[in-house]
Amino acid sequence: MKFLVFAASHRLHSLNKKLVMLAVQRIRSLEAEFGKIEIDTADYEEFDMPLYNDNLANNQPPITKKFAERCEYVDGIIIAMPEYNWSFPGSLKNIIDWTSLVKPNPMTGKTVLLMSATTGARGGIAGIQQFKSPLEALHLIVFHKVFPLSYAQIAFTETGELSDKVQQELFFNLIKDYISFTKKLSHH
């Protein structure tokens, strides 16, 4: 199995990047159970695209093709994203809009796990819920469980683990369940 994993954040010390790194560690620990798992960990800056413009639809930015290629050869996509004004980042929607023009769409049929680390009490759940719609419109299979991490600025230890053991167990089980779900759908 292969996964594309990224934090939809440009922030240098992003809490969502910490969450992504923890997910990668957890996936690595599951290889004994699930077999070899390839992980394409991307920096969000690699996907910076100009604002979507219908007038340019026939002339897609080259980065759109690069993102599409990275999606094409994976079984699933894991995204950790900040929440801005109770929604998901506009730059993330921009990527989805440009990539929707690629035919055949490389994201169709891929599973996706959504996570969010925020400094507020709600953990980004509003943004996660809203982001499901454009993904489902492109026929991605959105995993039914999500991980909203509230007060993320105090949720991590110095070594990048989750300090709350209950949260850590929930997170670890979520990653395992998602990998198992993807494996069943990808026929590996």
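Predicted, not measured: the structure shown is a model, and the values here were computed from it.

Analysis parameters
- Residues numbered from 1 in each chain as written.
- Predicted model: local features only at pLDDT ≥ 70, side-chain atom pairs only at ≥ 80, totals over all residues.
- Heavy atoms only, no water.
- Core = buried A, V, L, I, M, F, W, Y, C linked by side-chain atoms within 4.5 Å.
- Buried < 20%, exposed > 50% of the residue type's maximum accessible area, 1.4 Å probe, protein only.
- Helix = DSSP H or I, 4+ residues; strand = E, 2+ residues; numbered from the N terminus.
- Contact = heavy atoms within 4.5 Å.
- Salt bridge = Lys/Arg side-chain N within 4 Å of Asp/Glu carboxyl O.
- Polar contact = N/O pair within 3.5 Å; in protein donor to acceptor, adjacent residues only side chain to side chain.
- Axes fitted to C-alpha atoms, helices over the stretch in contact; angles between N-to-C directions.
- Parallel < 35°, antiparallel > 145°, perpendicular 65-115°, else oblique.
- Nonpolar A, V, L, I, M, F, W, Y, C, P; charged D, E, K, R; others polar.
- Phe/Tyr/Trp six-rings, centres within 6.5 Å; stacked < 30°, edge-to-face > 60°.

## A short note on the nonpolar core
Line of reasoning, step 1. Counting 32 residues, the largest nonpolar core has L19, M115, L149, F171 and I179 as the members making the most contacts within it.
Line of reasoning, step 2. Those elements that provide at least two residues to this core are β1 (2-7), α1 (15-29), β3 (76-80), β4 (111-117), β6 (147-149) and α6 (165-186).
Line of reasoning, step 3. Looking at this core element by element, the count peaks at seven residues for α1.
Line of reasoning, step 4. Ignoring anything within four residues of it in the chain, the contact list for F171 reads L19, L22, A23, M115, F147 and L162.
Line of reasoning, step 5. M49, C71, I79 and I95 belong to the second largest nonpolar core, which has 28 residues in total.

## Some thoughts on the pattern of salt bridges
Line of reasoning, step 1. Applying the stated criterion across every chain, the model contains seven salt bridges.
Line of reasoning, step 2. In this structure, the salt-bridge partner of R28 is E31, at a minimum N-O distance of 3.7 Å.
Line of reasoning, step 3. Between K176 and E33 there is a salt bridge whose closest N-O contact spans 3.4 Å. One end of the pair, K176, is in helix α6; the other, E33, is in helix α2 (residues 31-34), with 143 residues separating them in the sequence.
Line of reasoning, step 4. A network of salt bridges, in which partner residues are shared, links D40, E46 and R70.

## A closer look at the side chain of T99
Line of reasoning, step 1. Relative to the helices and strands, T99 is located in helix α4 (residues 90-99).
Line of reasoning, step 2. By relative accessible area, T99 is classed as buried at 0%.
Line of reasoning, step 3. Reaching out from T99, the side chain makes a polar contact with the backbone oxygen of I95 at a distance of 2.7 Å.
Line of reasoning, step 4. With near-sequence residues (within four places) excluded, T99 lies in contact with M49, T64, F67, A68, N105, P106 and M107.

## Re the packing of α4 against helix α5 (residues 125-137)
Line of reasoning, step 1. Relative orientation of the contacting elements α4 and α5 amounts to 10°, with a least axis distance of 10 Å. With respect to their mutual orientation, α4 and α5 come out roughly parallel. Contact residues: α4 offers L92, K93 and I96, while α5 offers F131, P134 and L135.
Line of reasoning, step 2. Its residues placed into classes, the contact of α4 with α5 shows five nonpolar, no polar and one charged.

## So, the environment of L162
Line of reasoning, step 1. If you trace the backbone, L162 turns up in the loop between β6 and α6.
Line of reasoning, step 2. Here L162 falls in the buried class, since its relative accessible area comes to 0%.
Line of reasoning, step 3. Sequence separation of L162 and A152 is ten residues, and the distance between their C-alpha atoms is 9.1 Å.
Line of reasoning, step 4. Those residues within four positions of L162 in sequence are excluded, and the remaining contacts are L22, F147, L149, A155, F156, T157, Q167, Q168 and F171.

## Focus on the packing of aromatic side chains
Line of reasoning, step 1. The tally for this structure, following the rule as stated, stands at eleven aromatic pairs.
Line of reasoning, step 2. Centre to centre, the rings of F6 and Y44 are 6.0 Å apart; their planes meet at 15°, and the pair counts as stacked. Separated by 38 residues along the polypeptide, F6 in strand β1 and Y44 in the loop between β2 (38-42) and α3 (62-72) bring together distant segments of the chain. Each member of the pair, F6 as well as Y44, is classed as buried.
Line of reasoning, step 3. Each ring, one from F6 and one from F67, has its centre 6.4 Å from the other, and the planes form 80°; the classification is edge-to-face. With F6 in strand β1 and F67 in helix α3, the pair connects residues that are 61 residues apart, well separated along the chain.
Line of reasoning, step 4. In this structure an aromatic cluster arises from ring pairing among F3, F143, Y178 and F181.

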